[in-house]
Amino acid sequence: MTSQSLRDARKYEEEMERRHGAMPRPAFHLSARIGWMNDPNGFSFYKGEYHLFYQYHPFSSYWGPMHWGHAVSPDLIHWRNLPAALAPDMDYDRDGCFSGSALVLPDGEHLLMYTGVSKETLPDGSTREVQSQCLALGDGTDYEKYAGNPVLDYRDLPENGSKFDFRDPKMWKKKDQTYRCVAGNCDDAHDGQVLLFSSPDGFCWKYEKVLAANRGRFGRMWECPDFFELDGKQVLLVSPQDMMPQGFEYHNGNGTLCLIGSYDEETDTFTEEHNQAVDYGIDFYAPQTVSAPDGRRIMIGWMQNWDTCNLHTPQQPWFGQMSLPRELSVKDGRLFQRPVRELEALRGEEVRYENITFTDVIRLEGVRGRKIDMELSVRPGDMENVYRKFAVRFAQDDTYQTSVSYRPCESVLKVDRKHSGSRRAIIHQRRCLVRSDKGRIKIRIILDTFSAEVFVNDGEHVLSATLYTNPEVSGISFYADGAVAMDVVKYELTI
Ligand code: FRU
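I will try to describe carefully the structure that is included in this document. What you see is a predicted model; the values in this text were computed from it and never measured.

Quick look at the overall build of the protein now. Within the protein, the secondary structure is distributed over one helix and 33 strands. Taken over C-alpha atoms, the radius of gyration comes to 23 Å for the protein, in line with the 23 Å a tight globule of 495 residues would show. Dimensions along the principal axes, computed over C-alpha positions, put the protein at roughly 70 × 55 × 50 Å. The buried share among the 495 residues of the protein stands at 61%. Counting contacts in the protein only where the partners sit at least 6 residues apart, residues at least 24 apart contribute 58% of the total. Carbon together with sulfur atoms contributes 46% to the accessible area of the protein, which is approximately 19800 Å² in total.

Listed below in structure tokens is the structure:
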């Protein structure tokens, strides 16, 4: 049975869509149907389609009582909106249905697990949000909250676990047909930890152990964990809050962390071996993965950043978009990402240049656009005398430009969106250290109307950033300080 709150949200979505007509939006990145979007939730393959839910406040383009928005896609590129799936309408979730995950039960039902939030008044009169884990069951469109909710609450926490920060359950099914889930939590010193729970059937859940603990290394509370095996290694993704910067690897604020290691299934012991950031750009958070029917591990993230997401005007009918879904792999202890191969079906007109050499600014006939897939292969024009700087500038005209630049002598790659339409004094640049190979570098840039995603050296590093430049501004130029030789292939992407 659909609650009044959910009916209101669904009616509002339809009304607003009619009122605003075709809104300027990204073409192949999922954006909020109306109002506000944050984390991806319930990323799953069900009844022949990918389902993606998201943290959603339909009634304004700012964060508010969380609902779950819902969209489906046959190929992770063409998305179709479905009616909102969850509204905060029960006692245990009256202040929000926070992030969570989905899986398919043996009887064919779609099971959602999410965090129910309800405010509790403390002895000093202040209120805190208490968080517990809840279930909803459905058919791919309509979901019914489980009568036994919440299925995990403060009584299931370890002694030092905070009931105020206990959220974002990510479930999976084990080979032995039982279920596991990880949830973000922090201890009484507000330090992040990931808790592991088990269930024989998806309904009855039990605390197992602290699977991983921050021990003061990466930010504070750890949000949105995900845990999976990939290429013979075990990967734990988390999104830490309140990070301090560490070199060029981690930046201040909300970040993304990938821990790669090994996992002993018998004892549920995760042994960390490597750590790295997931995305080195400005806008990427709370990624979640799905295991595709063909075995690929595909990740999608919220392409925004908590510190800068409240700067738009209330008139903007929607706010928030997802990243491109990305295929993950692990090589030599590193996480690699590439845009899902389904994107290639959008490739239309191709423009190709080989071995262009230049020492200053050039433009290339046919190389422009704001919905493009462009691969650059850059090397020194003179091997004896490696160039000092290479840059590609896009979304460019006489006033605007966004750039990706590379300085081989420092191995530093930088994305800079200072001149991309923002009037705010916020972070507009971010750098990362890339593998240096005598001035050789491969850069693939995907532009979609209001974003740029930069995949470096076949996805060894990825940098994502949103742009505000008018979509009509579509020039591209290349810059070299020293002699650069370059191959370019650029495809127009048409949906
Ligand atoms: C991460 C997060 C989650 C929470 C959700 C609330 O961006 O803070 O931890 O479930 O957003 O919208």
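Don't stop here, the text continues.
Let us look at the site of the ligand. Lining the immediate surroundings of the ligand are Asn38, Asp39, Gln55, Trp63, Met66, Phe98, Ser99, Arg167, Asp168, Glu223, Tyr285 and Trp306. In the model, an oxygen atom of the ligand is placed 2.8 Å from a nitrogen or oxygen of the Arg167 side chain. For the ligand, an oxygen atom lies 2.8 Å from a polar atom in the side chain of Glu223. Relative to its free-state accessible area of 320 Å², the ligand is covered by the protein chains to the extent of 95%. Taken together, the elements giving at least two residues each to the shell around the ligand come down to β1 (35-46), β5 (97-104) and β9 (161-173).

Now for the sheet that holds strand β10 (residues 179-187). Backbone-to-backbone hydrogen bonds pair the strands of a sheet. The strands run either parallel or antiparallel. Read from one edge to the other, the open sheet built from four strands follows the order β9-β10-β11-β12, with strand pairing classed as antiparallel. Of all strands in the sheet, those bounded by a partner on one side alone are β9 and β12 (206-213). Going across the sheet, the axis of each strand differs from the next one's by a mean of 30 degrees, ignoring polarity. Bridge count between strand β11 (residues 192-199) and β12: six bridges; the pairing is antiparallel. Looking at the pairing, Leu196 lines up with Lys209 of β12.

In this section: the sheet that holds strand β4 (residues 80-86). Read across the open sheet, the five strands follow the order β4-β3-β2-β1-β19; overall the sheet is mixed. Looking at strand neighbours, the two that pair on one side only are β4 and β19 (318-319), the edges of this open sheet. In terms of strand pairing, strand β3 (residues 67-73) meets β4 through four bridges, oriented antiparallel. Looking across to β4, one finds that Ala71 is bridged to Asn81. In the packing of helix α1 (residues 4-20) onto the sheet, contacts are made with β2 (49-57), β3 and β4, and the angle to β4 comes to roughly 155 degrees.

The subject of this paragraph is the packing of aromatic side chains. On inspection of all chains with the given rule, the structure shows 18 aromatic pairs. Judged by centre distance (5.7 Å) and plane angle (80 degrees), the rings of Phe53 and Tyr143 are edge-to-face. Pair noted here: Phe53 is in strand β2 and Tyr143 is in strand β8 (residues 143-145), with a separation of 90 residues, a long-range link. The two residues Phe53 and Tyr143 agree in class, both being buried. Taken together, the ring pairs connect Trp36, Trp302, Trp306 and Phe319 into an aromatic cluster.

Counting across every chain of the model gives 37 salt bridges. With a shortest N-O distance of 2.7 Å, Asp373 and Arg444 are connected by a salt bridge. Note that Asp373 is positioned in strand β24 (residues 371-380) and Arg444 in strand β29 (residues 441-448), a separation of 71 residues in sequence. Here Asp373 and Arg444 have matching classes, each one buried. In this structure, Asp458 engages Lys442 in a salt bridge whose closest nitrogen and oxygen atoms are separated by 3.1 Å. Of this pair, Asp458 sits in the loop between β30 (451-456) and β31 (461-466) while Lys442 sits in strand β29, and the two are 16 residues apart along the sequence. Among the ionic contacts, a cluster of salt bridges with common partners joins Asp294, Arg296, Glu327, Arg338, Arg341, Glu342 and Glu344.

Looking now at the nonpolar core. If you look at the biggest cluster of nonpolar residues, it comprises 56 residues, and the most contacted ones within it are Met374, Leu376, Phe390, Val392, Phe478 and Met486. Setting aside its immediate chain neighbours within four residues, Phe390 contacts Phe358, Leu376, Val378, Val404, Ser405, Tyr406, Ile443, Phe478, Tyr479, Val484 and Met486. Core analysis: the second largest hydrophobic core is formed by 34 residues, Tyr54, Ala71, Val290 and Leu493 among them.

With that settled, the discussion passes to the pairing of β30. The buried fraction of β30 is high, at six of six residues. Of the two faces of β30, both are covered, the one formed by Ser451, Glu453 and Phe455 as well as the one formed by Ala452, Val454 and Val456. Where β29 meets β30, five bridges bridge the pair, whose relative direction is antiparallel. Residue pairing in the sheet places Ile446 in a bridge with Glu453 of β30. Here β29 folds back onto β30 in antiparallel fashion, the turn holding two residues, of which Thr449 has a positive phi close to 65 degrees. Where β30 and β31 come together, six bridges link them in antiparallel fashion. Bridge pairing in β31 places Val454 opposite Leu463.

Over its 17 residues, α1 runs 24 Å from end to end, which matches the ideal 24 Å to within 8%, given 1.5 Å per residue. Every buried residue of α1 is accounted for by Leu6, Ala9, Arg10, Glu13 and Met16. Projected onto a plane normal to the axis of α1, the buried residues spread over an arc of 135 degrees and lie on a single side. Opposite its buried face, α1 presents the exposed residues Lys11, Arg18 and Arg19, each directed more than 90 degrees away. Check the buried side of α1 and you find it contacts β2, β3 and β4. Taken from the residues just after α1, Gly21 is the one with a positive phi, measuring 55 degrees.

Cut-offs and rules
Residues numbered from 1 in each chain as written. Predicted model: local features only at pLDDT ≥ 70, side-chain atom pairs only at ≥ 80, totals over all residues. Heavy atoms only, no water. Helix = DSSP H or I, 4+ residues; strand = E, 2+ residues; numbered from the N terminus. Rg over C-alpha atoms; globule rule 2.2 N^0.38 Å. Buried < 20%, exposed > 50% of the residue type's maximum accessible area, 1.4 Å probe, protein only. Contact = heavy atoms within 4.5 Å. Areas by Shrake-Rupley, 256 points an atom, 1.4 Å probe, with all protein chains shown as cover. Near = heavy atom within 4 Å. Polar contact = N/O pair within 3.5 Å; in protein donor to acceptor, adjacent residues only side chain to side chain. Pairing = 2+ DSSP bridges. Axes fitted to C-alpha atoms, helices over the stretch in contact; angles between N-to-C directions. Phe/Tyr/Trp six-rings, centres within 6.5 Å; stacked < 30°, edge-to-face > 60°. Salt bridge = Lys/Arg side-chain N within 4 Å of Asp/Glu carboxyl O. Core = buried A, V, L, I, M, F, W, Y, C linked by side-chain atoms within 4.5 Å. Expected span 1.5 Å × (residues − 1). Arc of directions from axis to C-beta.

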